[in-house]
Amino acid sequence: MASAELRRLHKLHLIDLALLEIRKRAAALDPGRKTAAEIATLQKQADESPGKKLQTELIDLELQQKSFDDKLKKYDKELYSGKVVNPREVEAIQKEIAMLKKQRGNFDERILEIWEELPKAKKGLEQIEFAIAERKGQLAKQHQAALQEKSKLEAEFKQRSTERPVAAKEISPGLLARYEGARQKHGGVGMGEVAKNKTCAACGTHLPERVIQGLKEDKMITCESCHRILYYSEGIV
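Scoring rules and cut-offs
Residues numbered from 1 in each chain as written. Predicted model: local features only at pLDDT ≥ 70, side-chain atom pairs only at ≥ 80, totals over all residues. Heavy atoms only, no water. Helix = DSSP H or I, 4+ residues; strand = E, 2+ residues; numbered from the N terminus. Contact = heavy atoms within 4.5 Å. Polar contact = N/O pair within 3.5 Å; in protein donor to acceptor, adjacent residues only side chain to side chain. Salt bridge = Lys/Arg side-chain N within 4 Å of Asp/Glu carboxyl O. Buried < 20%, exposed > 50% of the residue type's maximum accessible area, 1.4 Å probe, protein only. Axes fitted to C-alpha atoms, helices over the stretch in contact; angles between N-to-C directions. Left-handed = near helix turned anticlockwise from the far one by under 90°. Nonpolar A, V, L, I, M, F, W, Y, C, P; charged D, E, K, R; others polar.

1. Re the side chain of glutamine 65
Line of reasoning, step 1. Its place among the elements puts glutamine 65 in helix 3 (residues 50–80).
Line of reasoning, step 2. In this structure glutamine 65 touches Arg104, Phe107, Asp108 and Ile111, once residues within four positions along its chain are discounted.

As structure tokens, this is what we get:
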């Protein structure tokens, strides 16, 4: 069985592993990135769909219709106000009115065509919009779940962070410094547990018999490969 101090160090090691795991889980939190990408793809399909293009064209034509109507009203007012008496000016206004009416007539024809095409084209657009709405609902749920998990992880991290200095105080400065040095070199993992197959669980290196024997004698030994402090439990070696 490991010495009392190594057991205390192992307790600190487990806290550090828990902190690393919490960070890993936090980094892997997914607020719905895949769903958001699907929404973006569907939105692009909707924007490029015949139904959407027809709707946009219809809005533009109706706005231009209104503009023509406003101009026609203006010219009518000028003609019948009595202010324009010059024959050439009257003729010019009449030509402008005729041109506007012709253009408006073309717009009217196209609007009627759109109204005929729109019902069929809108069905495809409505299907896409339904899929977008459905995924937006999924995204909201995923985002909420991610926020809840984030809050939970923050609470766990805070708790473990509070435990760490207490556990560290129970270890001698020399051993703690050695452990911290190993942690800095190996991504926060400064101790390697001995596996049942007599390997360092941290790096997988097979441990020679002299190392196993030393561990049985409660010696502080590091892995010859990764230089982490080795720890074993009773019955493992």
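Now that the structure has been shown, the text picks up again.
2. With respect to the side chain of histidine 10
Line of reasoning, step 1. Topologically, histidine 10 is positioned in helix 1 (residues 4–27).
Line of reasoning, step 2. Looking at histidine 10, its side chain comes within polar contact range of the side chain of glutamate 193, at 2.8 Å.
Line of reasoning, step 3. Discounting residues that sit within four places of it in the chain, histidine 10 has contacts with Met191, Glu193 and Tyr231.

3. A short note on the pattern of salt bridges
Line of reasoning, step 1. This structure, assessed with the given rule, holds 20 salt bridges.
Line of reasoning, step 2. In this structure, the salt-bridge partner of arginine 164 is aspartate 16, at a minimum N-O distance of 2.5 Å. Of this pair, arginine 164 sits in helix 4 (residues 87–169) while aspartate 16 sits in helix 1, and the two are 148 residues apart along the sequence. Accessibility classification places arginine 164 together with aspartate 16 in one group, the buried group.
Line of reasoning, step 3. With its nearest N and O atoms 3.4 Å apart, the salt bridge here joins lysine 219 to glutamate 217.
Line of reasoning, step 4. By relative accessible area, which is 43% here, glutamate 217 ends up partly exposed.
Line of reasoning, step 5. Several salt bridges converge on common partners, so that one network encompasses Asp16, Arg164, Glu180 and Arg183.

4. Observations concerning the environment of aspartate 60
Line of reasoning, step 1. With respect to the helices and strands, aspartate 60 occurs in helix 3.
Line of reasoning, step 2. Judged by its relative accessible area of 39%, aspartate 60 falls in the partly exposed class.
Line of reasoning, step 3. Sequence-wise, aspartate 60 and glutamate 96 are 36 residues apart; in three dimensions their C-alpha atoms are separated by 22 Å.

5. A closer look at the packing of helix 1 against helix 5 (residues 173–185)
Line of reasoning, step 1. Look at helix 1 against helix 5: their axes get within 11 Å of each other, and the N-to-C directions meet at 35°. Here helix 1 and helix 5 pass one another in a crossing that is right-handed. Contacts between helix 1 and helix 5 involve Glu5, Leu9, Leu12, His13 and Asp16 from the former and Leu175, Leu176, Tyr179 and Arg183 from the latter.
Line of reasoning, step 2. Across the contact of helix 1 with helix 5, the residue classes break down as 5 nonpolar, 1 polar and 3 charged.

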